[in-house]
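Residue-level structure breakdown
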Amino acid sequence: KTSRKGVDFGITYQLNKWLFADFAINYANPISVDDPEGANNVPLAPHLTSVGGLSFNHFSGLSGSVRYRYLDDRPANEDNSVVALGYLVTDMVLNYDRNHWGIGITIENLFDTEWREAQFDTESRLQNEPAPVSEIHYTPGIPRFIKARVSFSF
């Protein structure tokens, strides 16, 4: 049985006719209700997350965005002796569309941040080890990735 109490805040604002900003932040205190203090963390449940960015859609046909996503460090087990690392990743999109054709570029992980996408506290033991070891096993997040778009609609 768990309890999660917290606060969410979000705002979207139109800066002018073609430029928009948005920001959302979430704070929570996830705990396991039936466990003693200090051993009552909910594994992998974040305390702090945030997303946001700037987006534009100009009348000239130019559009795009720069957006981020943030996840704070979080306990990987109940006593927080193993920590799943958080991350801050930024993506960018730039498009130009006119009449029936368009071009664009997307850059995921703009700053080539090293980050861990999936993380789990796993107990494992090699054949030569006398006792199992508890440690983080993870899937690395994607490095900088660039893709282009060319389109024609009819």
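Quick caveat: nothing in here was measured; it's all calculated off a predicted structure.

Moving on, we get to a negative patch on the surface. On the surface, a cluster of negative charge is made up of Asp34, Asp35, Glu78 and Asp79. Position of Glu78 among the secondary structure elements: in the loop between β5 (74-75) and β6 (83-84).

Take the pattern of salt bridges next. Under the criterion given, the structure shown has four salt bridges. Put simply, Arg67 and Asp22 hold a salt bridge, and the shortest N to O gap is 2.7 Å. Here Arg67, found in strand β4 (residues 62-71), pairs with Asp22, found in strand β2 (residues 19-32); they are 45 residues apart in sequence, far enough to count as distant. A salt bridge links Asp97 to Arg149; the shortest N-O distance between them is 3.1 Å. With Asp97 in strand β7 (residues 87-98) and Arg149 in strand β11 (residues 145-152), this residue pair connects regions lying 52 residues apart in the sequence.

This next bit is on the side chain of Gln119. The topology assignment puts Gln119 in strand β9 (residues 116-124). Within the structure, Gln119 has its side chain in polar contact with the backbone oxygen of Leu85 (distance 2.8 Å). For Gln119, the residues in contact, after removing those within four places along its chain, are Leu44, Arg74, Ala84, Leu85, Ile136, His137 and Tyr138.

Attention shifts here to the sheet that holds β2. Strand order in the open sheet made by the seven strands is β1-β2-β3-β4-β7-β8-β11, with antiparallel pairing throughout. The two strands at the open ends of the sheet, each matched to only one other strand, are β1 (2-14) and β11. Strand-to-strand twist in this sheet, taken as the mean axis angle between neighbours without regard to direction, amounts to 10°.

What counts, and at which threshold
Residues numbered from 1 in each chain as written. Predicted model: local features only at pLDDT ≥ 70, side-chain atom pairs only at ≥ 80, totals over all residues. Heavy atoms only, no water. Patch = residues over 30% accessible without salt bridge, like charges linked within 9 Å, V, L, I, M, F, W, Y side chains within 5 Å. Areas by Shrake-Rupley, 256 points an atom, 1.4 Å probe, with all protein chains shown as cover. Salt bridge = Lys/Arg side-chain N within 4 Å of Asp/Glu carboxyl O. Lys, Arg positive; Asp, Glu negative; His and termini not counted. Charge placed at Lys NZ, Arg CZ, Asp CG, Glu CD. Helix = DSSP H or I, 4+ residues; strand = E, 2+ residues; numbered from the N terminus. Polar contact = N/O pair within 3.5 Å; in protein donor to acceptor, adjacent residues only side chain to side chain. Contact = heavy atoms within 4.5 Å. Pairing = 2+ DSSP bridges. Axes fitted to C-alpha atoms, helices over the stretch in contact; angles between N-to-C directions.

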